[in-house]
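Take a look at the letters that make up each chain.
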Amino acid sequence: PEMTLTVSGPPAKPDRPAQKHDRDWKALVMRVVVAVVLFYLLWRVTRHLAVQFRQRAEKHRASESYAFKQLTLACSDNNASKTYHALLSWLDRLDPELDAHGFVRDYGNEDLGKAFAILSEHLYRKPLDQLDLHALMRGFETARARYKTRDTFEDRALVPPLNP
């Protein structure tokens, strides 16, 4: 005997939890992809900024103003040897062809000359006078300003004034 079955009634509703599960899975994959892309971009930007920061810091440490600041700090420590080495480093960045005695002679005053002579005594001989590194620093500040405002051939204009 043959049998025929007939089903009547409303159609069966689709299985909603399976569709929701599919949507959750796709959303999770999209979130992971977005997170990976953002992490990659953040890593690249951070690396680029770190390289730029390092280059700026190296450039600053190689500058004359940084070396002068180190000289100022060495003078405030009241250490003759440290001050002398900082002085040589600063002068090398200021003008590599200029030695300490020449700088003091050309741009310093009598007080700086005396303070520098006392510093040299403290380094190489038995000191006769009290070392005052603050006076030395004041003298170098003045001499530095004089050096920076000097009139050199390169600084002068090669053309005559416009309004004779």
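Placed above this text is the structure.
Cut-off values and rules
- Residues numbered from 1 in each chain as written.
- Predicted model: local features only at pLDDT ≥ 70, side-chain atom pairs only at ≥ 80, totals over all residues.
- Heavy atoms only, no water.
- Axes fitted to C-alpha atoms, helices over the stretch in contact; angles between N-to-C directions.
- Helix = DSSP H or I, 4+ residues; strand = E, 2+ residues; numbered from the N terminus.
- Parallel < 35°, antiparallel > 145°, perpendicular 65-115°, else oblique.
- Left-handed = near helix turned anticlockwise from the far one by under 90°.
- Contact = heavy atoms within 4.5 Å.
- Nonpolar A, V, L, I, M, F, W, Y, C, P; charged D, E, K, R; others polar.
- Phe/Tyr/Trp six-rings, centres within 6.5 Å; stacked < 30°, edge-to-face > 60°.
- Buried < 20%, exposed > 50% of the residue type's maximum accessible area, 1.4 Å probe, protein only.
- Lys NZ or Arg CZ within 6 Å of the ring centre and 35° of its normal.

A.B. asks: Any chance you could explain the packing of helix 3 (residues 80–94) against helix 5 (residues 110–124) here in plain terms?
C.D. replies: When two helices pack together, you describe them by how their axes are tilted relative to each other and by the distance separating the axes. Between helix 3 and helix 5, the least distance of the axes is 9 Å, while the angle of their chain directions is 120°. Between helix 3 and helix 5, the crossing angle belongs to the class labelled oblique. Note that helix 3 runs across helix 5; the crossing there is left-handed. Of the residues in helix 5, those touching helix 3 at Ala 80, Ser 81, Tyr 84 and Leu 87 are Phe 116, Leu 119, His 122, Leu 123 and Tyr 124. When the residues that make up the contact of helix 3 with helix 5 are grouped by side-chain class, the tally is 7 nonpolar, 2 polar and no charged.

A.B. asks: What is the right way to look at the packing of aromatic side chains in this model?
C.D. replies: For the structure on display, the rule yields 9 aromatic pairs. Look at Trp 90 and Phe 103: their rings are 5.3 Å apart centre to centre, the planes differ by 85°, and that puts the pair in the edge-to-face class. On the criterion of sequence distance, the pair formed by Trp 90 in helix 3 and Phe 103 in helix 4 (residues 100–107) is long-range, its members being 13 residues apart. The two residues Trp 90 and Phe 103 agree in class, both being buried. Counting every residue linked through ring pairs, the aromatic cluster contains Phe 68, Trp 90, Phe 103, Tyr 107, Phe 140 and Tyr 147. Its end group placed over the ring of Trp 43, Arg 47 keeps NZ or CZ at 4.7 Å from the ring centre.

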